[in-house]
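Notes for the structure review
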Amino acid sequence: MQTKSGPMYQARLSAKFGRKTIGLGSDLIQTLYLAQIIDDMIKEFIAKNQPVDIGIIKRAVNEIKKSGIQSKDDGLLRIKVVDKDNLTVLWNNYVSFHQSIGAWEDSYFLTTIKTVGNLIAKCPYQELDNKQKITEWIFSDPQRSRKTSKDRLKIIVACIDWNSRQGNIPRHYGIEYRDLLNSIKLNKKSNTKNEDRDIDIFSVDEVYQILEALKLDKFARFKGRHSQYYKYTYFLWLSGCRPSEAIALKWKNVDLRKKIIVFSEGEVLVSGKVIKKQGTKTNAYRYFPINLELNNLLESIPKKTGYVFVNIGERPINQQAFSRIWKYLLERLNIRHRKSYQLRHTMISYHCNNDFPIHKLAEIVGNSEEIIKNHYLHLDIKKIVLPEIIK
């Protein structure tokens with residue numbers, strides 16, 4: 001729209017959505033980015049067989065316009081104009097198709113697929129002919145183990161191979177990238193990393209410093225930027241669950257009346273009973289009891305969507321966005337950096353060393369008694385008083 005102050009842009013949705021319009025502002029580059037966000041959100045609603053909620057989309061757009069588009073380095077996201085066969089476009093094709101057929105569980109999409117998508121968006125080499133540079137860039141991050149980097153590359157190669165089989169790109173790209181992946185050999189002993197054994201716990205004082213800083217937006221530039229993750233982090237601490245489990249947790253798996261949470265893979269909680277889903281590879285689940293403190297936390301969370309934990313845009317927590325804030329927060333608090341996954345280890349360690357029955361602890365946190373005895377039982381920590389998990 002042409003106005004006295006210059007052009008203003010809008011996204012106009014198709015007739016099936018009532019020809020709704022969403023204001024995108026006056027910045028053309030930001031407009032292109034927001035249009036892509038809107039398109040992705042609509043595809044996600046459709047892939048999950050949910051009605052397209054225009055209100056949620058508008059709130060997400062307004063939040064981005066208000067706070068700006070940030071990146072890890074300098075706070076500004078550089079929007080790239082891309083050709084149809086570049087890595088980002090191929091990835092979007094790959095993800096859209098697999099979402100549309102329900103190929104991925106929510107936990108896998110919200111953690112692994114989102115992580116790889118963010119990695120591809122940051123990659124400075126988008127042309128497929130740069131396979132050597134793409135590979136070197138992926139393996140250049142010192143924060144990732146070589147095994148993790150290869151796992152990320154494996155998913156990217158699957159994307160390229162799929163696009164080559166679909167005829168979106170020449171077939172030779174899929175073959176070349178698969179050969180490249182197979183040529184990368186890792187020293188299993190030095191590169192295999194198991195997060196459930198890589199223990200480096202926080203002190204209780206550090207945990208509550210972090211929680212307070214999040215709750216109060218102590219170091220946030222914008223109100224709500226950090227506090228949106230407070231209850232998510234508090235839950236990680238109280239439950240000792242894995243971040244991927246918390247991100248994918250839905251209200252249908254929480255029974256406040258019976259005081260249980262069902263952490264499941266391939267199963268859902270219906271009327272207090274665990275129901276197996278068809279077509280899943282595994283059907284493992286575990287019950288986690290809800291004590292008073294955890295109950296109060298869960299009751300304080302508005303049920304805005306099917307997910308228990310959502311960000312200020314009412315979308316599921318993005319672990320990568322949270323990790324950037326987590327790292328920044330620890331720096332400002334002068335706390336040595338450890339991943340948020342260590343909240344799980346911290347919770348298990350304290351209960352294990354405060355005479356909580358090991359067999360019960362193993363059952364509710366999803367570890368074996370052997371791992372708890374070998375990795376947690378003799379850690380040198382302070383005795384503390386915490387609310388009991390089970391009465």
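Refer to the preceding data block for the structure.
A brief look at the structure comes next. A quick note: this is a predicted structure, and the numbers were derived from the prediction, not measured.

Strand order in this open sheet of three strands is β5-β6-β9, and the pairing throughout is antiparallel. Two strands lie at the open edges of the sheet, namely β5 (254–255) and β9 (285–289), each paired on one side alone. Sheet topology places strand β6 (residues 260–264) next to β9; five bridges connect them, and they run antiparallel. Bridging from a neighbouring strand, Ile261 pairs with Phe288 of β9.

What the rule picks out here adds up to 12 salt bridges. A salt bridge links Arg178 to Asp161, with the nearest nitrogen and oxygen atoms 3.4 Å apart. With a gap of 17 residues between them, Arg178 in helix α7 (residues 171–183) and Asp161 in helix α6 (residues 146–165) connect regions that are remote in the sequence. Residue Glu314 pairs with Lys304 through a salt bridge whose shortest N-O separation is 3.8 Å. Highlighted residues: Glu314 in the loop between α12 (292–299) and α13 (319–332) and Lys304 in the loop between α12 and α13, separated in sequence by 10 residues. It is possible to trace a salt-bridge network through shared partners that takes in Asp161, Arg165, Arg171 and Arg178.

With that settled, consider unusual backbone geometry. A positive phi angle, near 60 degrees, is found at Glu314, a position not held by glycine. Given the relative accessible area of 12%, Glu314 is considered buried. Even without being a glycine, Asn334 presents a positive backbone phi close to 60 degrees. With respect to the helices and strands, the residue Asn334 is situated in the loop between α13 and α14 (342–352). Accessibility expressed as a relative area gives 71% for Asn334, which makes it exposed.

To continue, consider the environment of Ile155. By the element assignment, Ile155 lies in helix α6. With 64 residues separating them along the chain, Ile155 and Trp91 place their C-alpha atoms 9.9 Å apart. Non-local contacts of Ile155, meaning those with residues more than four positions away in its chain, are made with Trp91, Tyr108, Thr112 and Val116.

Empty space within the second largest pocket amounts to approximately 370 Å³. Forming the boundary of the second largest pocket are 20 residues, of which Gln228, Lys231, Pro302, Lys304 and Val310 lie nearest the centre. The leading source of residues in the lining of the second largest pocket is helix α10 (residues 230–239), at three residues.

Now for the packing of α10 against α12. Packing of α10 against α12 brings their axes to within 11 Å, and their N-to-C directions diverge by 160 degrees. With respect to each other, α10 and α12 are oriented roughly antiparallel. The crossing of α10 and α12 is left-handed. Only Glu293, Leu294, Leu297 and Leu298 of α12 make contact with α10, whose side of the interface consists of Lys231, Tyr234, Phe235 and Leu238. Considered class by class, the residues forming the contact of α10 with α12 number six nonpolar, no polar and two charged.

Okay, a nonpolar patch on the surface next. Together, Leu28, Ile29 and Leu32 make up an exposed nonpolar region whose accessible area comes to about 260 Å². Position of Leu32 relative to the elements: it lies in helix α1 (residues 28–47).

Note that an α-helix has 3.6 residues per turn; residues three or four places apart therefore point the same way. Most of α14 is tucked away, with 11 of its 11 residues classed as buried. Every buried residue of α14 is listed here: Gln342, Leu343, Arg344, His345, Thr346, Met347, Ile348, Ser349, Tyr350, His351 and Cys352.

What counts and how
- Residues numbered from 1 in each chain as written.
- Predicted model: local features only at pLDDT ≥ 70, side-chain atom pairs only at ≥ 80, totals over all residues.
- Heavy atoms only, no water.
- Pairing = 2+ DSSP bridges.
- Helix = DSSP H or I, 4+ residues; strand = E, 2+ residues; numbered from the N terminus.
- Salt bridge = Lys/Arg side-chain N within 4 Å of Asp/Glu carboxyl O.
- Buried < 20%, exposed > 50% of the residue type's maximum accessible area, 1.4 Å probe, protein only.
- Contact = heavy atoms within 4.5 Å.
- 1 Å grid on protein atoms, 1.4 Å probe; cavity = no way out; pocket = protein on both sides within 12 Å on 5 of 7 lines; lining within 4 Å.
- Points joined across faces, edges and corners; volume = space filled by probe spheres on them.
- Axes fitted to C-alpha atoms, helices over the stretch in contact; angles between N-to-C directions.
- Parallel < 35°, antiparallel > 145°, perpendicular 65-115°, else oblique.
- Left-handed = near helix turned anticlockwise from the far one by under 90°.
- Nonpolar A, V, L, I, M, F, W, Y, C, P; charged D, E, K, R; others polar.
- Patch = residues over 30% accessible without salt bridge, like charges linked within 9 Å, V, L, I, M, F, W, Y side chains within 5 Å.
- Areas by Shrake-Rupley, 256 points an atom, 1.4 Å probe, with all protein chains shown as cover.

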